[in-house]
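Summary of the model geometry
Listed below are the residues making up each chain.
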Amino acid sequence: MTGTLYLVATPIGNLADISLRAIETLKAVDVIACEDTRHSRKLLNHYGISKKLISYHKRNERERSAELIERIRAGELVAVISDAGTPGINDPGYVLVSEAVAAGLPVVAVPGPAAFVTAAVVSGLPTASIFFGGFLPSRKGERRRRLEQVRGIPATLVFYESPHRLAASLADCLEILGDRMAAVARELTKLHEEISRGTLAELSKRFAAANVKGELILVIDRASGEKMLVESAETLGERVQQLESGGMDRKAALKAAAKEFGLSRSEAYRRLQNV
Ligand code: SAM
């Protein structure tokens, strides 16, 4: 009988934020693959879990995935955890999951905290549609190009950011995205949790000279429909494409773009045909 791969989410700060199922799973598996064995040992000790740990991090992800796949094939139950939150979300996990899927092995997620979801819901910005962009590039030029790419996405934008780049990133966001509502969520679920809300201009000013510490996330409102037209979509066709790349199907994108351009759907369709 083959084993199973479990992706187990762990707390992002507050040790009480772990599910009963996560604890049960970690107690039941044969081995736990983790980024930093010393860090995870402390966490597991806290819940009274003593298991064999295997280091599984960015630098050994490929070789270790092969080894873990062999263990699962041989019938073992293998759990993957990361230093914090959900494995695979800006942490190792994806390589192993894709290989397990390709090998036809069972993969089970044991859900729990993910920092970007926590930041989005506490930000006060719309959550009906969220674009999670991982870390913004650290180099200025690349960061600005990435911001240009996401400028027209009709969703609340969420990015992980490091404290020493926050001021520079906020300044770039303001310049490229325009002055939108935003929030900086710092040290979520921890003792010094702090949510700073305001416009990008206000936050840029607030954090320009601040000595920011800890882990943080940037949450930014979508552009208003009107602003998007002026700033990023010159034509109806471009706007339809933007909406489609944000996840809408063509029919819905055409309907929404037509409304923004003040056209009937048939007129919008006719114009697209004539391009
Ligand atoms: N796997 C994690 C998850 O599920 O969110 C993300 C890991 S990623 C390497 C680490 C980044 O996530 C940090 O630099 C920070 O941007 C964000 N993060 C993680 N925990 C956080 C917290 N408690 N408060 C604010 N941001 C946090």
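Here the residue index of a chain counts from 1 through its sequence in written order. This being a predicted model, a pLDDT of at least 70 is required before a residue's local features are given, and a value of 80 or more before pairs of side-chain atoms are given or counted; all residues contribute to the totals for chains, interfaces and linings. Think of the side-chain values as coming from all heavy atoms in the structure, minus any hydrogens and water.

Quick notes on a positive patch on the surface
Residues K251, K255, K259 and R265 make up a contiguous surface patch of positive charge. A total of three residues in the positive patch trace back to one element, the largest contributor, which is helix α11 (residues 250–260). Comment: elements are numbered from the N terminus, with helices defined as DSSP H or I runs of at least four residues and strands as E runs of at least two. By the secondary structure assignment, K251 is in helix α11. Under the relative-accessibility criterion, K251 is labelled exposed at 64%. Residues enter a patch when their relative accessible area is above 30% and they make no salt bridge; the linking distance is 9 Å between like charges and 5 Å between nonpolar side chains (Val, Leu, Ile, Met, Phe, Trp, Tyr). The method behind every accessible area is Shrake-Rupley, applied with a 1.4 Å probe, and residues are considered shielded solely by the protein chains displayed. Every case where a carboxyl oxygen of Asp or Glu lies within 4 Å of a side-chain nitrogen of Lys or Arg is listed as a salt bridge. Counting rule for charge: Lys and Arg are taken as positive, Asp and Glu as negative, and neither His nor the chain ends is counted. Note on charges: their place is set at NZ of Lys, CZ of Arg, CG of Asp or CD of Glu. Working definition: with a 1.4 Å probe on protein chains only, accessible area under 20% of the residue-type maximum means buried, over 50% means exposed, and in between means partly exposed.

Overview of the site of the ligand
Near residues are defined by distance, with any heavy atom within 4 Å of the molecule or strand qualifying the residue. Residues in close proximity to the ligand total 19 residues, the closest being I89, D91, A115, Y160 and L216. Pairs of N or O atoms are called polar contacts if they sit within 3.5 Å, as long as, within protein, a hydrogen donor faces a hydrogen acceptor (for residues adjacent in sequence, only side-chain-to-side-chain pairs). One of the backbone nitrogen or oxygen atoms of L216 is found 2.7 Å away from an oxygen atom of the ligand. Expressed as a share of its isolated accessible area of 570 Å², the protein-covered part of the ligand is 90%. Mapped by element, the contributors of at least two residues to the shell around the ligand are β7 (156–161) and β10 (216–220). Asp, Glu, Lys and Arg are counted as charged, while Ala, Val, Leu, Ile, Met, Phe, Trp, Tyr, Cys and Pro are counted as nonpolar; the rest, among them Gly, fall into the polar class. Considering only residue class, the shell around the ligand consists of 11 nonpolar, three polar and five charged.

A look at the sheet that holds strand β2 (residues 31–34)
Across a sheet, paired strands are connected by hydrogen bonds in the backbone, their directions being either parallel or antiparallel. When DSSP finds at least two bridges between two strands, those strands are taken to pair. Spatially, β3-β2-β4-β1-β5 is the arrangement adopted by the five strands of the open sheet, whose pairing is parallel. With one partner strand each, in any of the chains shown, β3 (52–55) and β5 (107–110) form the two edges of the open sheet. When the angles between neighbouring strand axes are averaged without regard to direction, this sheet yields 25°. Bridge count for strand β1 (residues 4–8) against β5 is four bridges, and the pairing is parallel. Looking across to β5, one finds that L7 is bridged to A109. Residue contacts are counted whenever heavy atoms from the two residues lie within 4.5 Å of one another. To obtain each axis, a line is fitted to C-alpha atoms, and for helices this fit is confined to the stretch in contact; angles are then taken between N-to-C directions over 0 to 180 degrees. Its contacts with the sheet place helix α2 (residues 37–46) against β2 and β3, and it is angled at close to 150° to β3. In the packing of helix α4 (residues 94–102) onto the sheet, contacts are made with β1, β4 (77–80) and β5, and the angle to β1 comes to roughly 150°.

A look at the packing of helix α3 (residues 61–73) against α4
Two numbers describe how α3 lies on α4: the axes approach to 9 Å, and their chain directions differ by 40°. Overall, the two elements α3 and α4 adopt an arrangement that is oblique. As α3 runs across α4, the sense of the crossing is right-handed. Across the interface between the two elements, E61, R62, S65, A66, L68 and I69 from α3 touch Y94, V95, L96, E99 and A100 from α4. In the contact of α3 with α4, the residues fall into seven nonpolar, one polar and three charged. Note that the term roughly parallel is reserved for angles under 35 degrees, roughly antiparallel for angles over 145, roughly perpendicular for angles of 65 to 115, and oblique for everything else. Less than a right angle of anticlockwise turn of the near helix away from the far helix marks a crossing as left-handed, whereas a clockwise turn marks it as right-handed.

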